[in-house]
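Residues per chain are reported as follows:
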Amino acid sequence: MNMEKSVNIDWSTIGFSYRKTDYRYLSYWKDGKWDDGKLTEDNMLHISESSTALHYGQQCFEGMKAYRRKDGRIQLFRPDRNAARMQNSCRRILMSEFPIDRFIEAVKKVVKANAHYVPPYGTGATLYIRPLIIGIGDNIGVRPAPEYIFTVFCMPVGPYFKGGMAPINFIVTDYDRAAPFGTGAAKVGGNYAASLLPHEEAVKKGFADCIYLDPATHTKLEEVGAANFFGITKDNKFVTPDSPSILPSITRESLTVLAKDFLDMKVEERDIYIDEIDEFVEAGACGTAAVITPIGGIEYKGKLHVFHSQTEVGPITKKLYDTLVGIQFGDIEGPEGWIDLVE
Ligand code: PLP
Ligand code: COI
């Protein structure tokens, strides 16, 4: 219905930044239940100054995208996985979970209402969707909130890392984004607050972002900024870290399936010692925002380790990218249940 509307956006130059779109979804949890929820045009939240989200970081979010297919229709990629991960985040910080079917329905409502913001097929741009739950209401002790807001908003975006599919360099940081048995596996704001300074320091040194090591021993590679890590070995294995303190990336999980079933590769989820990264001939960062970003090199203890090349994408990384993005935009048939059409 909204397809008749149009927006004047140069899709080829948009980056990853906030833009107010027309509608967002809002539901309140009070007296033990979520209300019916509705679309609203107001992008401001009016909440108590004592909200737990503001004081104690009781909030979690998701990141997902809607893709315009060649035939003009719009689709989501594995939205059930985002809904389930959000429930997991809620359990970790004692927030009310939003039902999976209602989560998907709310996302679809927001995408449909803002369909004119879904970038055209072929531009590479997508509609980024941000579901969010925050603890609200009057409270001052350190305890779960008496009320919650679930909201979903969206905006058209381009590449998260400048350059898109061009290899970029990262630097290992001494900081941690999460503790060994902390909240690293939950998508909660505190992890991201902890990442702001290491990110800024990495950027000041000329790197795209920082690499986190495992918080217990600082010997194993964990995450690439706000994305997961994968490496390709000389004998063609897809390797990605196994750790309770990284965010279980839906892109990463999808790539393990694609590597195995589409590229006939062996997949290993295991410890990756930073001292042994020269076993990889290619490496990448993967995530909803990052898609697949090839890692040119990683600086560790003053030495830059270069993988495939500083300028060219490695052949396996390219194949993984083409397969993943092909499925996300509807050009390649993916595994059953991965695609959910919006309209
Ligand atoms: N790791 C972190 C810290 C992230 O914020 C994200 C983004 O969501 C990812 C990894 C990638 O996860 P996904 O592929 O589910 O977007
Ligand atoms: C995502 O990939 O969706 C993220 O959440 C990463 C970042 C923008 C926070």
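Computed from a prediction, not measured in an experiment: that's the story for all the values here.

**Things to note about the overall build of the protein chain**
- Scanning the protein chain for helices and strands turns up six helices and 18 strands.
- Taking 20 Å as the expected radius of gyration for a compact globule of 343 residues, we find that the protein chain reaches 20 Å, a close match to that expectation.
- With the C-alpha coordinates of the protein chain rotated into their principal frame, the extents come out at 55 × 50 × 35 Å.
- By residue count, 53% of the 343 residues in the protein chain fall in the buried class.
- Considering only intrachain contacts with a sequence separation of at least 6, the fraction spanning at least 24 residues in the protein chain is 72%.
- For the protein chain, the accessible area works out to roughly 15,600 Å², and carbon and sulfur atoms hold 51% of it.
- Taking the 39 positively charged and 46 negatively charged side chains of the protein chain as two groups, their mean positions are separated by 2 Å.

**A few points about the side chain of Asn139**
- Structurally, Asn139 is set in the loop between strand E7 (126-136) and strand E8 (147-157).
- Residue classification places Asn139 among the buried residues on the basis of a relative accessible area of 9%.
- In this structure the side chain of Asn139 is engaged in a polar contact, spanning 2.8 Å, whose partner is the backbone oxygen of Gly141.
- Setting aside residues no more than four positions away along its own chain, Asn139 makes contact with Ser50, Thr52, Tyr56 and Pro146.

**Here's the deal with the packing of aromatic side chains**
- This model, assessed by the stated rule, comprises 17 aromatic pairs.
- Ring pairs connect the aromatic residues Phe16, Tyr128, Tyr160, Phe161 and Phe170, which therefore count as one cluster.

**A few points about the domain arrangement of the protein chain**
- Structurally, the protein chain comprises domain 1 (24-157) and domain 2 (168-328).
- Each partner contributes residues to the interface: domain 1 has 19 residues there, and domain 2 has 21 residues.
- Both sides of the domain 1 and domain 2 interface together cover about 1,700 Å² of buried area, and 55% of this is carbon and sulfur.
- Among the residues domain 1 hides against domain 2, the three largest losses belong to Phe61, Phe77 and Arg85. Together they make up 35% of the total.
- Our count for the domain 1 to domain 2 interface comes out at two salt bridges.
- Residue Glu253 is joined to Arg81 by a salt bridge in which the shortest nitrogen-to-oxygen separation is 3.3 Å.
- On the surface where domain 1 and domain 2 come into contact, there are 14 residue pairs in polar contact (both at pLDDT 80 or more).
- Contributing elements (two or more residues each) for the side of domain 1 that touches domain 2: strand E4 (59-61), strand E5 (64-68), strand E6 (74-77) and helix H2 (79-92).
- Split by residue class, the side of domain 1 that touches domain 2 holds seven nonpolar, six polar and six charged.

**Some words on the environment of Lys319**
- With respect to the element layout, Lys319 can be found in helix H6 (residues 315-328).
- A residue is classified by how much of its surface remains accessible, and Lys319, at 48% relative accessible area, is partly exposed.

**As for the site of ligand 1**
- If you check the shell around ligand 1, you find 16 residues, and the closest are Tyr192, Glu223, Ser249, Thr251 and Thr288.
- Between ligand 1 and the protein, one listed contact pairs an oxygen atom with a side-chain N or O atom of Tyr192 at 2.4 Å.
- Between ligand 1 and the protein, one listed contact pairs an oxygen atom with a side-chain N or O atom of Ser249 at 2.6 Å.
- Protein chains bury 96% of the 390 Å² of accessible surface belonging to ligand 1 in isolation.

**Comments concerning the site of ligand 2**
- With respect to spatial proximity, the complete set of residues near ligand 2 consists of Phe16, Phe61, Gly63, Tyr128, Arg130, Tyr160, Lys187, Tyr192, Ala226, Thr288 and Ala289.
- Within the side chain of Lys187, a nitrogen or oxygen atom sits 2.6 Å from an oxygen atom of ligand 2.
- Within the backbone of Ala289, one N or O atom sits 2.8 Å away from an oxygen atom of ligand 2.
- Here ligand 2 has 280 Å² of accessible area as a free molecule, and 89% of this is covered by the chains.
- Taken domain by domain, the shell around ligand 2 gets at least three of its residues from each of domain 1 (24-157) and domain 2 (168-328).

**Description of helix H4 (residues 189-204)**
- If you check H4, its first and last C-alpha atoms are 23 Å apart, about what 16 residues at 1.5 Å a residue would give, namely 22 Å.
- Helix geometry: H4 is bent most strongly at Leu196, by close to 35 degrees, with proline Pro198 lying one to four residues after it.
- What H4 keeps buried is the set Asn191, Ser195, Pro198 and Ala202.
- On its buried face, H4 is in contact with strand E9 (168-172) and strand E10 (209-213).
- Where H4 terminates, the next one or two residues include Gly206, which has phi positive at roughly 95 degrees.

How each quantity is defined
Residues numbered from 1 in each chain as written. Chains lettered and ligands numbered in written order. Predicted model: local features only at pLDDT ≥ 70, side-chain atom pairs only at ≥ 80, totals over all residues. Heavy atoms only, no water. Helix = DSSP H or I, 4+ residues; strand = E, 2+ residues; numbered from the N terminus. Rg over C-alpha atoms; globule rule 2.2 N^0.38 Å. Buried < 20%, exposed > 50% of the residue type's maximum accessible area, 1.4 Å probe, protein only. Contact = heavy atoms within 4.5 Å. Areas by Shrake-Rupley, 256 points an atom, 1.4 Å probe, with all protein chains shown as cover. Lys, Arg positive; Asp, Glu negative; His and termini not counted. Charge placed at Lys NZ, Arg CZ, Asp CG, Glu CD. Polar contact = N/O pair within 3.5 Å; in protein donor to acceptor, adjacent residues only side chain to side chain. Phe/Tyr/Trp six-rings, centres within 6.5 Å; stacked < 30°, edge-to-face > 60°. Domains from an automatic or database assignment. Buried area = accessible area lost by both parts, 1.4 Å probe. Salt bridge = Lys/Arg side-chain N within 4 Å of Asp/Glu carboxyl O. Nonpolar A, V, L, I, M, F, W, Y, C, P; charged D, E, K, R; others polar. Near = heavy atom within 4 Å. Expected span 1.5 Å × (residues − 1). Bend = angle between axes of the 7 residues up to and from the residue.

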